[in-house]
Amino acid sequence: MLTDKHIEIIKSTIPLLENAGSALTAHFYQRLFSHNPELQDIFNMSNQQSGRQQVALFEAIAAYAKHIENLNALTSAVERIAQKHTSFNIQAEHYAIVGHHLIETLRELASEAFTAEVEEAWSNAYQFLAGIFINREAQLYQERAAKEGGWQGARAFTVIDKVTESALVKSFIFAPVDQQAVIGFTPGQYIGLEVHPTGNDYKEIRQYSLSDKPNGKSYRISVKREQQGVPGKVSNYLHDSVNIGDEVKLYAPAGDFFFVDRQSPTVLISAGVGITPMQGMLETLAANKHPQPVHFLHACEDNSQHSFAQRTAELVKNNNWQQNIWYRNEKPQQSHIKQGMMDLSSTDLPTQTGNFYLCGPIAFMKFAKQQLLSLGVGEGNIHYEVFGPHASL
Ligand code: HEM
């Protein structure tokens, strides 16, 4: 139970968290992985090296401390994090481990300021926050396990097809080894994929957007090969070493970025491999004979990197939708494709009535969002998905 006194202490120690900055996060994760090395099977160790995920956990805890008297402000962040956690099958006992290392980190780094009173307040506050996540995650696990084709934890799947979509993107289609049904999903959501690359000390779990409509039998993801020096260990492993007939483990579909039928025009805006959730949405909208206007806008380097080009053109034509494409580095041959950066002011978009879905590199989404705002689109009508650790636009 959080008392007024606890709340007062939590608020007064926010600077402790903020000032400690990267020293605190680095110490915490070093502690976590040296005492509980098995957690390296869960965390993305490439994100650990880049520091992006390390910051995410502490930013969330600092945000919690700031909003401790009005937790409603955190509802959408809690939902996003809980959805992500379920795609790793995170359990209540993991929260106890993280909580323990968090308190011990504060004790070790802020020894004088970390009085018995501060410890009690933070232990209670952490347990309260952990309780919110544990409850929501338990609810999600139960809901998914109860649906037809649903499951909890890792389930074995076989690669039944591997298809080249463009110079850097390959699709993988997975069917369950048990040959039973698979649960549906809302287009825009991702699955958790677990592999154990040869020579790797730990298993790797990553999230990939589902790139086709639900069919009850299999899932499709579409994966970009990354260049050297960019995190992409699992994506490149899938490209190089995972073939038809191989097995992977999947965690049930999750994620809070998905198409919601708001009975309004839909505008899908993507760049590069950010097209993958959009492709799932387009396939679903077409299958449902969606009655509202649909606009598809996409930017990529050139024709060789234009994934699903033929299929989206077909969907757009058959359903009387609009599409605009930009190639950054090539003079295109077709009239609906322009050369250069995406320029939304040159298109006829339903800025007042539409709902806008963005996916692509963070810099691209910021660029597109700014354009939408200056065209008069309301912030609440812009929805977006970040691949990798979350960032605000
Ligand atoms: C991701 C917060 C507990 C494992 C995240 C993210 C946040 C977060 C903000 C990033 C979400 C995003 O990118 O959209 C928290 C908070 C916790 C907590 C506030 C406690 C109250 C845990 C626990 C575990 C865990 C107990 C498991 C031991 C992960 C993993 C990711 C993640 C594996 C994905 C990051 C990666 O790719 O490595 N969490 N988390 N978290 N969390 Fe938590």
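Residues numbered from 1 in each chain as written. Predicted model: local features only at pLDDT ≥ 70, side-chain atom pairs only at ≥ 80, totals over all residues. Heavy atoms only, no water.

Quick notes on the domain arrangement of the chain
Argument step 1. With domains assigned, the chain is organised as domain 1 (4-146), domain 2 (154-254) and domain 3 (266-385).
Argument step 2. Here the C-alpha centre of domain 3 lies 36 Å away from the C-alpha centre of domain 1. (Domains from an automatic or database assignment.)

Describing the pattern of salt bridges
Argument step 1. Applying the stated rule across the entire model yields 15 salt bridges.
Argument step 2. Across the salt bridge formed by Glu108 and Arg31, the nearest N and O atoms sit 2.7 Å from each other. Note that Glu108 is positioned in helix H6 (residues 92-109) and Arg31 in helix H2 (residues 14-35), a separation of 77 residues in sequence.
Argument step 3. Owing to a relative accessible area of 40%, Glu108 belongs among the partly exposed residues under this scheme.
Argument step 4. In this structure, the salt-bridge partner of Asp178 is Arg155, at a minimum N-O distance of 3.0 Å. Within this pair, whereas Asp178 is found in the loop between strand E2 (169-176) and strand E3 (190-195), its partner Arg155 is found in strand E1 (residues 155-164), the two being separated by 23 residues in sequence. (Salt bridge = Lys/Arg side-chain N within 4 Å of Asp/Glu carboxyl O. Helix = DSSP H or I, 4+ residues; strand = E, 2+ residues; numbered from the N terminus. Buried < 20%, exposed > 50% of the residue type's maximum accessible area, 1.4 Å probe, protein only.)

Section: the state of the cysteines
Argument step 1. Counted by the stated rule, this structure contains 0 disulfides.
Argument step 2. Unpaired in this structure, Cys300 has its nearest cysteine sulfur neighbour in Cys359, at a distance of 14 Å.
Argument step 3. Taking relative accessible area as the criterion, Cys300 reaches 7% and is therefore assigned buried. (Disulfide = S-S within 2.5 Å.)

Concerning the coordination of the iron atom of the ligand
Argument step 1. On the protein, His85 (NE2) is the one donor atom to the iron atom of the ligand, at 2.1 Å.
Argument step 2. Topologically, His85 is positioned in helix H5 (residues 75-86). (Donors = N, O, S within 2.8 Å, 3.2 Å for Na, K, Ca; no water.)

Concerning unusual backbone geometry
Argument step 1. Positive phi values are uncommon outside glycine, yet Asn89 reaches one of about 60°.
Argument step 2. Within the secondary structure layout, Asn89 lies in the loop between H5 and H6.
Argument step 3. For Phe308, which is not glycine, the phi torsion reads 60° and is therefore positive.
Argument step 4. Positionally, Phe308 belongs in the loop between strand E8 (294-300) and helix H10 (309-319).

Some words on the pairing of strand E9 (residues 322-327)
Argument step 1. Judged by how many residues are buried, E9 sits mostly within the fold: 5 of 6 residues are covered.
Argument step 2. Pairing geometry for E8 and E9, over 6 bridges, is parallel. Paired with Phe296 across the strands is Gln323, a residue of E9.
Argument step 3. Crossover handedness for the path E8 to H10 to E9: right-handed.
Argument step 4. Note: E9 against strand E10 (residues 337-339), 3 bridges, orientation parallel. Looking across to E10, one finds that Ile325 is bridged to Ile337. (Pairing = 2+ DSSP bridges. Right-handed = clockwise from strand over helix to strand, strands pointing away.)

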